[in-house]
Amino acid sequence: MELTILGATGATGTSLAGQALAAGHEVTAVVRDPARLAVPVQQRLRIVTADVMDPAAISPAIAGADAVLSALGPHGSGRTTISQDSARSIIEAMQKTGARRLLTVSGSVVTDAGEGPVMRYLLKPLARRTFLRHVCADMRAAEAKIRASDLDWTIFRPPRLTGKPAAGTYRTTIDRNLPRGYTISRADLAACMLTLLDDPATVHRHVSIAN
Ligand SMILES: NC(=O)c1ccc[n+]([C@@H]2O[C@H](COP(=O)([O-])OP(=O)(O)OC[C@H]3O[C@@H](n4cnc5c(N)ncnc54)[C@H](OP(=O)(O)O)[C@@H]3O)[C@@H](O)[C@H]2O)c1
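What counts, and where the lines are drawn
- Residues numbered from 1 in each chain as written.
- Predicted model: local features only at pLDDT ≥ 70, side-chain atom pairs only at ≥ 80, totals over all residues.
- Heavy atoms only, no water.
- Pairing = 2+ DSSP bridges.
- Helix = DSSP H or I, 4+ residues; strand = E, 2+ residues; numbered from the N terminus.
- Axes fitted to C-alpha atoms, helices over the stretch in contact; angles between N-to-C directions.
- Contact = heavy atoms within 4.5 Å.
- Salt bridge = Lys/Arg side-chain N within 4 Å of Asp/Glu carboxyl O.
- Buried < 20%, exposed > 50% of the residue type's maximum accessible area, 1.4 Å probe, protein only.
- Polar contact = N/O pair within 3.5 Å; in protein donor to acceptor, adjacent residues only side chain to side chain.
- Near = heavy atom within 4 Å.
- Areas by Shrake-Rupley, 256 points an atom, 1.4 Å probe, with all protein chains shown as cover.
- Nonpolar A, V, L, I, M, F, W, Y, C, P; charged D, E, K, R; others polar.

Caption draft 1: Geometry of the sheet that holds strand 3 (residues 45–49). Pairing is mixed in the open sheet, where eight strands are placed in the order 3-2-1-4-5-6-10-8. Strands at the two margins of the open sheet, each flanked by one partner only, are strand 3 and strand 8 (171–174). Strand-to-strand, the axes of this sheet are offset by a mean angle of 20°, without reference to chain direction. Across the sheet, helix 5 (residues 133–148) lies against strand 5 (101–105), strand 6 (152–157) and strand 10 (205–210), angled at about 155° from strand 6, the strand it touches most.

Quick look at the structure:
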């Protein structure tokens, strides 16, 4: 498939691009600084330098894509609008170019569905009031924009991401979080996203994933 990956210089994006290339996909990596791309230059990798917040700038990288994958996110936990602003831009570019399939990374912090009482009533409200306040608000705003679009979207909601190697096995649920789903490796998250690229059962769904 022809895949366009935004956030390809990030940790999850690196896994996504590397695994997609290894699986034989054609990959267009949209980056703001090509020097930060950790994936080796190779034949099926096209690198496009563009401002992800500018739909006109990213449209040429999105035109013709069978799927667009975004692992964009803020560095740190301060005030941010990167998730919602990039979602707006990606949606506009996809609508303009006719690309339909969008897979994006959000976070398990946005919802309490599926959680046990300690997470639901204690830990998550605390995180949302304190260190994840801005990130969560931005993720929720981005999700709302994606749900309101007419695209064939899937939103992934991982818990804390780790840099561990792929375990190759992980749990998923649809539209609710996983009980005791505390971590997932970026490698497994990337593998899951690629596995569900053309899975119709996950269109217009939120996929929670955890080890
Ligand atoms: N960390 C966690 O535990 C956790 C938990 C749940 C969900 N998430 C979400 O999972 C996703 C992936 O996380 P990660 O840790 O793999 O991400 P990461 O390594 O921090 O990578 C973030 C990516 O976003 C890009 N980016 C950041 N600010 C940008 C801006 N203003 N304009 C354009 N690009 C920008 C970065 O590009 P540059 O390389 O150019 O900076 C990079 O490619 C994120 O959406 C994150 O919020 C994370």
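Caption draft 2: Structural detail: the pattern of salt bridges. This structure, assessed with the given rule, holds six salt bridges. With a shortest N-O distance of 2.9 Å, Arg147 and Glu143 are connected by a salt bridge. Of the two residues, Arg147 and Glu143 both sit in helix 5, four residues apart, roughly one turn of that helix. Given the relative accessible area of 36%, Arg147 is considered partly exposed. Overlapping salt bridges, with partners in common, bring together Glu143, Arg147 and Arg157 in one network.

Caption draft 3: Structural view of the side chain of Ser70. With respect to the helices, strands and loops of the structure, Ser70 is situated in strand 4 (residues 67–70). By relative accessible area, which is 5% here, Ser70 ends up buried. A distance of 3.3 Å separates a polar atom in the side chain of Ser70 from the backbone nitrogen of Leu72. Beyond its immediate sequence surroundings of up to four residues, Ser70 is in contact with Leu6, Ile90, Leu103, Thr104, Val105 and Met193.

Caption draft 4: Representation of the site of the ligand in the model. Around the ligand there are 22 residues in total, and Thr9, Thr12, Arg36, Leu72 and His75 lie nearest to it. The separation between an oxygen atom of the ligand and a polar side-chain atom of Thr9 is 2.6 Å. Within the backbone of Gly73, an N or O atom sits 3.3 Å from an oxygen atom of the ligand. About the coverage of the ligand: the protein hides 81% of its 920 Å² of free accessible area. At the level of elements, helix 1 (11–22) and strand 7 (160–162) are the ones that each hand at least two residues to the shell around the ligand. Partitioning the shell around the ligand into residue classes produces 11 nonpolar, seven polar and four charged.

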